[in-house]
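Structural overview for review
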There are 2 protein chains.
Amino acid sequence: MDLFMKCAIEEAECGRNEGGVPIGSVLVREGRIIGKGRNRRVQQNDPVLHAEIDCIRNAGRIRSYRGTALYSTLMPCYLCAGAAVQFGIGKVVAGESENFGGARAFLEQHGVEVIDLDLAVCKEMMRTFITEHPEIWYEDIGEE
Amino acid sequence: MDLFMKCAIEEAECGRNEGGVPIGSVLVREGRIIGKGRNRRVQQNDPVLHAEIDCIRNAGRIRSYRGTALYSTLMPCYLCAGAAVQFGIGKVVAGESENFGGARAFLEQHGVEVIDLDLAVCKEMMRTFITEHPEIWYEDIGEE
């Protein structure tokens with residue numbers, strides 16, 4: 001498997017083991033991980049700490065996002081896709097988009113390359129979480 | 001002046017006095033402020049802490065954003081507009097859009113009502129900051 005996605009999945013599993021939403025993310029530049037994160041809505045009681053936001057935050061103030069790729073176990077929502085578009089992240093790699101279609105069209109309309117790896121492990125992890133904790137999941141994506 | 005925007009401006013001024021990017025934001029529901037925030041990129045060394053993100057974060061896990069309005073001294077960028085769209089915030093009120101056009105069209109395309117108050121005090125505060133600290137401003141919006 002893609003080694004960067006493997007790391008994002010480990011972040012997601014870590015979040016799941018903490019009782020959080022199992023979505024993980026890594027930011028990559030020149031073949032190297034420069035930031036990692038996971039959804040921490042539950043753990044930090046923070047509505048904006050989606051995995052990709054946590055990841056970009058943990059990468060710090062890198063000034064330029066040129067040449068970076070954002071990996072996420074799930075297709076990014078508008079919040080996280082908005083971050084990618086605003087900061088000029090050129091590529092988004094998602095583990096799956098079956099449980100949540102996210103903002104793929106928006107990303108592509110703004111010139112971001114999007115790859116969907118459609119991985120069974122990501123789909124299964126997310127499907128299980130949504131089945132077991134629908135109230136947290138719908139809160140996370142702002143649906144009532 | 002609009003009292004909610006007055007409060008957002010006070011947040012921006014507070015950020016400026018801390019050495020930060022002078023943008024402030026409040027989240028309002030049923031005529032009451034339920035969250036306040038300011039850009040704290042510099043203060044917290046955090047690239048995602050735009051004013052609106054800080055504000056939504058400070059409002060906590062409110063579960064539903066129905067009936068909320070997000071005030072910001074500057075037209076929101078894609079990151080913050082993405083948060084508004086994803087969470088279903090119905091209205092965005094901006095202090096100005098002269099120094100930064102932001103993601104107004106994106107917000108409106110997704111059914112968010114956008115009002116631009118075009119306030120001299122907001123324009124002057126932002127213009128002064130961009131003139132004095134262009135490197136921080138362009139870093140904040142992801143431009144090189």
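Residues numbered from 1 in each chain as written. Chains lettered and ligands numbered in written order. Predicted model: local features only at pLDDT ≥ 70, side-chain atom pairs only at ≥ 80, totals over all residues. Heavy atoms only, no water.

Description of the relation of the copies chain A and chain B
Both copies of the chain are related through a single rotation about an axis accompanied by a shift along the same axis. Note the threshold: When the copies are superposed, the least-squares fit draws on C-alpha atoms of residues that have pLDDT of at least 70 in both. Should any heavy atoms of two residues lie within 4.5 Å, those residues are counted as being in contact.
Mapping chain A onto chain B calls for a screw motion: a turn of 180° about the axis and a shift of 0.0 Å along it, with 0.0 Å RMSD after fitting. Classification of the inter-copy transformation places it as that of a two-fold axis. Ranked by how close their C-alpha atoms come to the rotation axis, the residues of chain A are headed by G82(A), at 2.5 Å. When you check the interface residues of chain A against chain B, 100% turn up at the interface there too, and the contact is symmetric in its surfaces.

Remarks on the side chain of E11(B)
All names here are of chain B. Going by this rule: Numbering of helices and strands runs from the N terminus, with a helix taken as a DSSP run of H or I at least four residues long and a strand as a DSSP run of E at least two residues long. Only protein chains enter the accessibility calculation, which uses a 1.4 Å probe. A residue is then buried if its area is under 20% of the maximum for its type, exposed if over 50%, and partly exposed in between.
Within the secondary structure, E11 sits in helix α1 (residues 3-17). Overall, E11 belongs to the buried group, its relative accessible area being 10%. Look past the residues within four positions of E11 in its chain and what remains in contact with it is G24, S25, K36, G37 and R38.

Description of the pattern of salt bridges
Put simply, the rule reads: What counts as a salt bridge is simple: a side-chain nitrogen of Lys or Arg found within 4 Å of a carboxyl oxygen of Asp or Glu.
If you walk through the whole model with that rule in mind, you get 30 salt bridges over all chains. The shortest N-O distance in the salt bridge between R57(A) and D46(B) comes to 2.8 Å. Taken together, the residues R57(A) in helix α3 (residues 51-59) and D46(B) in the loop between α2 (41-44) and α3 (51-59) connect one chain to another. For D46(B), a relative accessible area of 4% puts it in the buried group.

Some points on the sheet that holds strand β1 (residues 24-29) of chain B
All names here are of chain B. This is how the line gets drawn: Pairs of strands are assigned from DSSP output, requiring at least two bridges between the strands. The axes used here are C-alpha line fits, helices contributing only the stretch in contact, and every angle between their N-to-C directions lies in the interval 0 to 180 degrees.
Spatially, β2-β1-β3-β4-β5 is the arrangement adopted by the 5 strands of the open sheet, whose pairing is mixed. In this open sheet, the two edge strands, each paired with only one partner strand, are β2 (32-38) and β5 (113-116). Strand-to-strand twist of the sheet, defined as the mean angle between neighbouring strand axes without regard to direction, takes the value 15°. Examined bridge by bridge, strand β4 (residues 91-94) and β5 share 4 bridges and lie parallel to one another. Looking at β5, one finds that K91 is bridged to E113.

Quick notes on the state of the cysteines
The test is simple: The disulfide criterion used throughout: a pair of cysteine sulfur atoms within 2.5 Å.
Tallied over the entire structure, the rule returns 0 disulfides over all chains. C55(A) supplies the cysteine sulfur nearest to C7(A), a cysteine that is in no disulfide, at a spacing of 9.0 Å. With relative accessibility at 13%, the residue C7(A) sits in the buried group. Not part of a disulfide, C14(B) finds its nearest cysteine sulfur in C7(B), a span of 11 Å. What makes C14(B) partly exposed here is its relative accessible area of 29%.

So, the sheet that holds strand β3 (residues 68-72) of chain A
What holds strands together in a sheet is hydrogen bonding between their backbones, with the strands either parallel or antiparallel. Residue and element names in this part refer to chain A. The 5 strands are arranged β2-β1-β3-β4-β5 in an open sheet whose pairing can be described as mixed. With partners counted over all chains shown, the strands left at the sheet margins are β2 (32-38) and β5 (113-116), one partner each. Ignoring strand direction, the axes of neighbouring strands in this sheet form an average angle of 15°. Sheet analysis places β3 next to strand β4 (residues 91-94), joined by 4 bridges and oriented parallel. When the sheet's bridge partners are listed, S72 is paired in β4 with A94.

Some remarks on the interface of chain A and chain B
As a measure of interface size, the accessible area lost when the parts come together is often cited. Put simply, the rule reads: Values labelled buried area give the accessible surface lost by two parts on being combined, using a 1.4 Å probe and summing over both.
With 32 residues of chain A at the contact, the number on the chain B side is 32 residues. A buried area of about 3100 Å², summed over both sides, lies between chain A and chain B, and 56% of it is on carbon and sulfur atoms. One can count 8 salt bridges joining chain A with chain B. Taking the shortest distance from any N to any O, the salt bridge between R66(A) and E144(B) comes out at 3.1 Å. Taken together, the elements giving at least two residues each to the side of chain A that touches chain B come down to α2 (41-44), α3, α4 (78-87) and α7 (134-140) of chain A. Per-element accounting of the side of chain A that touches chain B gives the leading share, 7 residues, to α4(A).

Topic: the UniProt feature "domain: CMP/dCMP-type deaminase" (unreviewed entry) in chain A
Where we set the bar: UniProt positions are given in the numbering used here, feature names are shortened, and annotations may be inferred rather than shown by experiment.
Sites flagged by UniProt as "domain: CMP/dCMP-type deaminase" (unreviewed entry) map to residues 1-114 of chain A. From the first C-alpha to the last, residues 1-114 of chain A spans 18 Å; its make-up is 39% helix and 21% strand.

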